[in-house]
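# Analysis of the macromolecular model
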Amino acid sequence: MRLPGDDDDRGIGAPVVYTIIGVSVFILVVLAAVFISNNGQKNTQAARKNLSRPTSTPAQEEEMRFAQGQEDMEELYRENKLRAEDLDFWDMYEKEEETEEVAPTASPSPTPSHEPTEEELAADGMHVKVTRHDGTEEWVEISDTIPLYTYDFTNIKINGGKMEYYLDGEKNSSLGVELSKDSGEVDFEALKKSGVDFVMVKLGGRGYESGVISLDENFVANITNAQNAGLEVGVTFFSQAVSVQEAQEEAEFVASNLIPYKITYPVAYVMEYIANDEARIEALDEAGKTKTAETFLSYMEKEGYHPILYGNTDWLLGELQPRKLLGKYDIWLNDQSPVPDYPYQFKMWKYGEAQQVEGIEKETPYIISFVDYTRR
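Source: prediction; values computed, not measured.

## Looking at the sheet that holds strand 4 (residues 162-167)
Judged by pairing direction, the sheet is antiparallel, and its 3 strands sit side by side in the order 3-4-5 without closing on themselves. Only two strands of the sheet have a single partner each, and these edge strands are strand 3 (156-159) and strand 5 (170-171). Alignment of strand 3 against strand 4, held across 4 bridges, turns out to be antiparallel. When the sheet's bridge partners are listed, Ile158 is paired in strand 4 with Met163.

## Examining the confidence of the model for the protein chain
The predicted model of the protein chain has a mean per-residue pLDDT of 83, with 70% of residues at 70 or higher. Of the regions scoring below 50 in pLDDT, residues 1-12 engages in 1 contact with residues more than four places distant in sequence or in other chains. Taken together, the stretch residues 89-96 has pLDDT below 50 and engages in 0 contacts with residues farther than four places along the chain or on a different chain.

## Some points on the packing of helix 7 (residues 244-258) against helix 8 (residues 286-302)
Angle between the axes and distance between the axes: these two values describe a pair of packed helices. As a packed pair, helix 7 and helix 8 sit with axes 8 Å apart at the nearest point and diverge in direction by 30°. Regarding the angle of helix 7 to helix 8, the classification is roughly parallel. For the crossing formed where helix 7 meets helix 8, the hand is right-handed. Where helix 7 abuts helix 8, its residues Val244, Ala247, Gln248, Glu250, Ala251, Glu252, Val254, Ala255 and Leu258 lie against Lys291, Thr292, Thr295, Phe296, Tyr299 and Met300. A class-by-class count of the residues in the contact of helix 7 with helix 8 yields 9 nonpolar, 3 polar and 3 charged.

## Thoughts on the environment of Leu333
Note on placement: Leu333 falls in strand 12 (residues 330-334). Each C-alpha atom, one on Leu333 and one on Leu316, is 8.9 Å from the other, the two residues being 17 residues apart in sequence. Those residues in contact with Leu333, other than ones at most four positions away along the chain, are Gly311, Asn312, Thr313, Leu316, Pro340, Tyr342, Phe346, Met348, Trp349 and Lys350.

## Focus on the packing of aromatic side chains
The tally for this structure, following the rule as stated, stands at 21 aromatic pairs. Judged by centre distance (4.9 Å) and plane angle (40°), the ring pair of Tyr269 and Phe296 falls under tilted. With a gap of 27 residues between them, Tyr269 in strand 10 (residues 267-270) and Phe296 in helix 8 connect regions that are remote in the sequence. With respect to class, Tyr269 is no different from Phe296; both count as buried. Centre to centre, the rings of Tyr342 and Tyr344 are 5.7 Å apart; their planes meet at 85°, and the pair counts as edge-to-face. Overall, the relative accessible area of 4% leaves Tyr344 in the buried class. A cation over a ring is seen here: Lys157 above Tyr166, with NZ or CZ 4.6 Å from the ring centre.

## Points about the layout of surface pockets
Here the largest pocket is characterised by a volume of approximately 670 Å³. Forming the walls of the largest pocket are 30 residues, and the residues nearest its centre are Glu178, Leu179, Ser180, Asp182 and Lys202. The set of elements that each furnish at least two residues to the lining of the largest pocket consists of strand 6 (174-179), strand 7 (198-206), strand 8 (213-215) and strand 9 (232-238). Sort the elements by how many residues they give to the lining of the largest pocket and strand 7 lands first, with 4 residues.

## A short note on helix 6 (residues 219-228)
When we look at burial in helix 6, the residues that qualify are Phe219, Asn222, Ile223 and Ala226. The arc that holds every buried residue of helix 6, seen down its axis, measures 90°, which confines them to one face. The inward-facing, buried residues of helix 6 contact strand 6, helix 5 (188-193), strand 7, strand 8, strand 9 and helix 7. Where helix 6 ends, the next residue or the one after it, Gly230, has phi of about 85°, a positive value.

Calculation rules
- Counting restarts for each chain, with residues numbered from 1 along the sequence as it is written.
- The predicted nature of this model means local features are confined to residues of pLDDT at least 70 and side-chain atom pairs, given and counted, to a pLDDT of 80 or more, with totals for whole chains, interfaces and linings taken over all residues.
- To get the side-chain values, take all heavy atoms of the structure and skip hydrogens and water.
- Think of it this way: DSSP has to see at least two bridges between two strands before they count as a pair.
- Runs of H or I in DSSP of at least four residues are treated as helices and runs of E of at least two as strands, each being numbered from the N terminus.
- Per-residue confidence from the predictor is reported as pLDDT, a score between 0 and 100.
- Any two residues having at least one pair of non-hydrogen atoms within 4.5 Å are treated as being in contact.
- Every angle, taken between N-to-C directions, lies between 0 and 180 degrees, and every axis is a line fitted to C-alpha atoms, over only the stretch in contact when it is a helix.
- Throughout this description, any angle smaller than 35 degrees is read as roughly parallel, any larger than 145 degrees as roughly antiparallel, any in the 65 to 115 degree range as roughly perpendicular, and the remainder as oblique.
- Two helices cross in a left-handed way if the nearer one is turned anticlockwise from the farther one by less than a right angle. They cross in a right-handed way if the turn is clockwise.
- Three residue categories are used. Nonpolar comprises Ala, Val, Leu, Ile, Met, Phe, Trp, Tyr, Cys and Pro, charged comprises Asp, Glu, Lys and Arg, and polar comprises the others, including Gly.
- Aromatic pairing here means that ring centres of Phe, Tyr or Trp (its six-membered ring) are within 6.5 Å. Orientation follows from the plane angle: under 30 degrees is stacked, over 60 is edge-to-face, and everything else is tilted.
- For the exposure calls, accessible area comes from a 1.4 Å probe over protein chains only, and a residue counts as buried if that area is under 20% of its type's maximum, exposed if over 50%, partly exposed in between.
- Ring-over charges, as used throughout, are those where CZ of Arg or NZ of Lys falls within 6 Å of the ring centre and within 35 degrees of the ring normal.
- Method remark: on a 1 Å grid restricted to protein atoms, a set of points is classed as a cavity if a 1.4 Å probe fits but cannot get out and as a pocket if it is open with protein on both sides within 12 Å along at least five of seven lines; lining residues have an atom within 4 Å of a point.
- Grid points are joined across faces, edges and corners, and a volume is the space filled by probe spheres set on the points.
- Note: the arc covers the axis-to-C-beta directions of the helix.

Encoded structure:
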């Protein structure tokens, strides 16, 4: 049974369907035609390019590939909006420094050291020439740890062999002589009037062969008469000690014989070789002689006397160890040069050859003291 309106709906729907199908087919046909047309044009253009492009060499092909690569990189740069710093990734890797191997060079031959000449050593002001007991000569370097003498020798006046030293226009020295049994008869009053201020009286010594200690034959008379005449007195002792024990024995001997007297000038330690003969001390080296000297001097200092070490430049610098003695004790220098070669400080100076001195029978040298020991 057919309801009302059924025929009408079916009649209207069929034409619509057919129309839709027709339009779709038409569109497909149009798209296919366009696609075929585009492909044909591209193939034609490619063929034309291939026909018109000349044959390229390998180098040119490489250049074209490089240009194409640049274009691809630029396109990638634009599309991804990259910045220059985004591409700077090489710094992420530590570059290994290339070290250039340097061929080793041969070491230069050492330059031979210059051996200073006698003239250079004498003029440099830093060395002193000493002659040792065996006759060998040596240039000794002046130490910067021992005080140097500061005397201005232009301030010295000598009259009749008598030396005086002036400081700031005033006399700053005293004059003395050395006495022993070898001096002969002595007129102490005349000696005092001649301008002598002090005497260094030999107390005694040790035999350079026997080793026996003895008192100088004229010691008691000389020291007694000198003090009675108003002369200041110091004493000397001739040592031949070959050990610390012997040096101690000598010091005790001196101290015991000084008990009755007032000694205002130094107690001198004298150690020397014997001319043309062999002495006991020749068995000692520098250290041995230094130890005996230090033993004697330190003992006298403890006893309250002014110890002083006697010697010439050769002895003080060549036979002893200077650093252990010269800066510690006063020095009595024996040097006949107008200006001593000895560089260090000295307090007394036996400066001239033996000569006739008023009041003394035998010739004797003068001594100048730059220190007034009566005030020390």
